[in-house]
Amino acid sequence: ERGIFRTTDGGDNWQKVHVTNYGRQNPGGGTHFAFASATTIYAGNHSGNILKSTNSGTTWSTITTIGTYIYDIKIDPVDNTILYVASNTGFKKMVDSGGITVTALGAGLPAYPYVFVINPSNRDIMYASAWSSGIYKSTDRGVNFSAVNNGLSGAIATGAGAKHLSISPADPNYLYVYFRNPAGGTYWGKFYYSHNAGANWYLPTSIDTQNADGWVNGSYIRDGEGFAAGSAAPIAMHPNNRDIAIT
């Protein structure tokens, strides 16, 4: 049965704490849980509901519905009463302060975002994936977005979608994006990186495709470029070293 599972012993044991609609796979690249504090947690499920727990995940209640599918949620890095939500109805801002208010944002986005990131040092700056339209940037807390696709035209031209997007907490100018191959297409996924806040994107010089144990799962080299399989995992950034990321 689908639901929210919680561990309190580092992952050794898991308990279902709430029955709700969560599928096994997120077609976007975002996350469905956001901690506002040690005890207050928000969750976005696969029916468009925003749920809230105020006791560290022991009990949950639905506080609002945004669309019919939640792709990504993030807490504002300064004000933990603000939750940003990417859903199939667009990019929204939810304020939970004596009541729930939801405001539509994302002017300039050509499609609803699958994943977004917030600059941890400057909450005015956000980046969102618009799938096959590439990456878009906001400098006014998500109200308006504009494309930052210099260097991504090769992926966009194939119809590939920007699925996973990460920002470095050590240096928010460092970004990584993974494009997934289009359905039924022959194009395989590609990683790109930016060191100047999305102004320019570059392909990796190489990706290690073989080690002592054999082929690395999901990656390969074609025509001298580093690729990854169509369902590669999200990209995790090192908390203190901008040059280290894992996928």
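Scroll up to find the structure this text is about.
This one's a predicted model, so the numbers in the text were calculated from it and none came from an experiment.

1. Considering the overall build of the protein chain
Point 1. Of the regular secondary structure elements, the protein chain holds 1 helix and 23 strands.
Point 2. The proportion of buried residues among the 247 residues of the protein chain is 46%.
Point 3. Of the contacts formed within the protein chain by residues at least 6 apart in sequence, a portion of 41% connects residues at least 24 apart.
Point 4. Looking at the protein chain as shown, the accessible area adds up to about 11700 Å², and 49% of this sits on carbon and sulfur atoms.

2. Considerations on the pairing of strand β10 (residues 100–104)
Point 1. In terms of strand pairing, strand β9 (residues 90–96) meets β10 through 5 bridges, oriented antiparallel. Directly across from Asp96, in β10, lies its bridge partner Ile100.

3. As for the environment of Ser121
Point 1. You can see Ser121 is positioned in the loop between β11 (116–118) and β12 (126–129).
Point 2. Residue class for Ser121 comes out exposed when judged on its relative accessible area of 62%.
Point 3. Spatially, the C-alpha atom of Ser121 lies 8.0 Å from that of Pro169, the residues being 48 residues apart in sequence.

4. Focus: the sheet that holds strand β3 (residues 33–35)
Point 1. With antiparallel pairing, the 4 strands of this open sheet are ordered in space as β3-β4-β5-β6. In this open sheet, the two edge strands, each paired with only one partner strand, are β3 and β6 (61–65). Here the average twist between neighbouring strands, direction ignored, is 25°.

5. Digging into the nonpolar core
Point 1. In terms of nonpolar packing, the biggest core is built from 18 residues, with Tyr127, Ile135, Leu165, Val177, Phe179 and Trp201 touching the most fellow members.
Point 2. Secondary-structure elements contributing two or more residues to this core are β15 (161–167) and β16 (175–180).
Point 3. Setting aside residues no more than four positions away along its own chain, Ile135 makes contact with Tyr127, Ala128, Ser129, Ser146, Ala147, Val148, Asn149, Leu152, Ala162, Leu165, Val177 and Trp201.

Conventions and cut-offs
Sequence order as written defines the numbering, with residues in each chain counted from 1. Residue-level local features of this predicted model are given only where pLDDT is at least 70; pairs of side-chain atoms are given and counted only at 80 or more, and the full residue set underlies all totals for whole chains, interfaces and linings. Side-chain numbers come from the whole structure's heavy atoms, not from hydrogens or water. Helix and strand labels come from DSSP, where a helix needs a run of H or I of at least four residues and a strand needs a run of E of at least two; each type is numbered from the N terminus. For each residue, the accessible area found with a 1.4 Å probe, counting protein chains only, is set against the maximum for its type, and the residue is called buried under 20%, exposed over 50%, and partly exposed in between. What makes two residues a contact is simply this: any of their non-hydrogen atoms within 4.5 Å. Note that accessible areas follow from Shrake-Rupley with a 1.4 Å probe, and for residues the cover is restricted to the protein chains shown. One requirement defines pairing of two strands: DSSP has to find at least two bridges between them. Helix axes use the C-alpha atoms of the stretch in contact, all axes being lines fitted to C-alpha atoms, and the angles between their N-to-C directions lie in the range 0 to 180 degrees. Working definition of a nonpolar core: buried Ala, Val, Leu, Ile, Met, Phe, Trp, Tyr and Cys residues. They are joined through side-chain atoms within 4.5 Å.

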